[in-house]
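Understanding the architecture of this molecule
So you can see what is in the structure, the chains are spelled out below.
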Amino acid sequence: MNRAGVAPARRTPTTAKSHQPGNPRTPLIAAVVALVVLGAIALGVGYQFFWRNIDITVNGEPVSVHIRTDAATLLEDNDYFGAKPGRLLSVSGKELEKDGGDRCTLEVNGESVASKDFASLEIKEGSTLTVKDGGDTTEKHTEKTVEIAPELTTEGTGAIQFVSQWGKNGKKTVWTGKQSGETVDKEVVEEPTNMVISYLNPNPQDGKKYIALTFDDGPSSYTSEILAILKEYGVKATFFNLGTNASSMSATVVADGHEMASHTNSHANLPECDRDTLRSEISTAFDSIEEASGERVQMIRAPYGAFTTVEWARAADLISCNVLWNIDTLDWELPGADAITDTVLSQAFNGAIALMHDGGGDRSQDIEALPDIIEGLQDAGYELVTVSELMELDGRFPEDVINGTVKMPKSAVLPEA
């Protein structure tokens, strides 16, 4: 109910609060700002790591260089800082190109850098470089390993020669220049083992005296008489038969207990022979003597005593030893039986080897002298033995040399000759 004279109170209308949408530019501004920041960072990173220059020192002088520059570019852009290139040399050291060697030498912070690494070496800020003239280089070449043939040496003196050490190949590297075509030895990988020929005089040490009588150039018509005399006195000798003279008498020599050996096939002067002829002279004689006597021999006496290091290098694998002499009767000069006898008796010593002949000419003086030689030696206390027996009594000769069973080892090689 309204009171009179009082106006009703006015209601204030309630207004609903509406949502106002944000400024559409705000995200765009934020994105721009972010891009600007990222761009600034990128520019800073780029400058720091890609665009700026850095300071280095080259040969004591300051140099500004673009960051991330490699050594090859730095050197090329600066004409190698005045360094002169080295030479290109052949494998033997001859100059092939005056400027064909290393372009320069480079040290970075005191460490040497190989030229092949220049392009991959990035120069760091603050580095100290030393650039000098380039070194000489060797031409491109091929390398192979080849064998080194052994050499031949001799040791000692004496009438009996034999191999005391077999030779073996060594190895070396060889360079062949691709530009020069030169071939040179560079390095010995394995030293060769040289062949050694020992020379010894037998010297029995059992307190007795021994001597060996030897007969060359047989068998002949005189051989049977010599064998009869030796049998009469019960003594042994060594016979160096020629292959061309080998006969049934050779078998008799062996049957009577004497030592059979070779004087080569045809009495050739061996140093005048080529390799094939030399080997044939030796091998053919061995074959002929074996066929005639039934005994395979390895011991030889070279005609004229001529068997040099060249012959050893060419034929050491065929023989056990080469036997010379200490007493030369010179019976081939026909000096008379007395002279032959006196030569042997006056020159005799323990371990001596006396040279006589049972072939090759008139040997009647040898037959006449032989009984007096034997009796004189026996009266002087000598025992007459074979050459192999002398070697065995000595004690220094290898067993295979004494027995004539020498075989060159499979790993051994003959020296070049």
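So, here's what we can say about the structure. (Residues numbered from 1 in each chain as written. Predicted model: local features only at pLDDT ≥ 70, side-chain atom pairs only at ≥ 80, totals over all residues. Heavy atoms only, no water.)

1. Some words on the packing of aromatic side chains
Following the criterion strictly, the structure yields 3 aromatic pairs and no others. Plain terms: the ring middles of phenylalanine 162 and phenylalanine 397 are 5.4 Å apart, the flat faces sit at 50° to each other, and that makes the pair tilted. Note that phenylalanine 162 is positioned in strand β11 (residues 160-165) and phenylalanine 397 in the loop between α9 (387-394) and α10 (399-403), a separation of 235 residues in sequence. Given the relative accessible area of 3%, phenylalanine 162 is considered buried. On the basis of relative accessibility, which here comes to 5%, the residue phenylalanine 397 falls in the buried class. The positively charged end of lysine 209 is found above the aromatic ring belonging to tyrosine 382, 4.4 Å away from the centroid. (Phe/Tyr/Trp six-rings, centres within 6.5 Å; stacked < 30°, edge-to-face > 60°. Helix = DSSP H or I, 4+ residues; strand = E, 2+ residues; numbered from the N terminus. Buried < 20%, exposed > 50% of the residue type's maximum accessible area, 1.4 Å probe, protein only. Lys NZ or Arg CZ within 6 Å of the ring centre and 35° of its normal.)

2. Side note on the packing of helix α3 (residues 223-233) against helix α4 (residues 248-255)
For the pair α3 and α4, interaxial distance at closest approach is 11 Å and the crossing angle is 10°. Here α3 lies roughly parallel to α4, going by the angle between them. On the side of α3, the interface is formed by Thr223, Ser224 and Leu227, while α4 contributes Met249, Thr252 and Val253. When the residues that make up the contact of α3 with α4 are grouped by side-chain class, the tally is 3 nonpolar, 3 polar and no charged. (Axes fitted to C-alpha atoms, helices over the stretch in contact; angles between N-to-C directions. Parallel < 35°, antiparallel > 145°, perpendicular 65-115°, else oblique. Contact = heavy atoms within 4.5 Å. Nonpolar A, V, L, I, M, F, W, Y, C, P; charged D, E, K, R; others polar.)

3. Some thoughts on the packing of helix α7 (residues 337-347) against helix α8 (residues 364-379)
Helix-helix packing: each pair is described by the crossing angle between the helix axes and the interaxial distance. Direction vectors running N to C along α7 and α8 enclose 35°, while the axes themselves pass 8 Å from each other. Crossing handedness for the pair α7 and α8: right-handed. Across the interface between the two elements, Ala337, Ile340, Thr341, Val344 and Leu345 of α7 pack against Gln365, Asp366, Glu368, Ala369, Asp372, Ile373, Gly376 and Leu377 of α8. (Left-handed = near helix turned anticlockwise from the far one by under 90°.)

4. Thoughts on the sheet that holds strand β7 (residues 128-133)
Taken together, the 5 strands give an open sheet; going across it, the order is β2-β1-β7-β5-β6, and neighbouring strands pair in mixed fashion. Strands at the two margins of the open sheet, each flanked by one partner only, are β2 (61-66) and β6 (111-113). Across the sheet, the mean angle separating the axes of adjacent strands is 35° when strand polarity is ignored. Two strands pair when backbone bridges link them, and strand β5 (residues 104-108) and β6 are joined in this way by 3 bridges, in the antiparallel orientation. Pairing of leucine 106 across the sheet is with valine 113, part of β6. (Pairing = 2+ DSSP bridges.)

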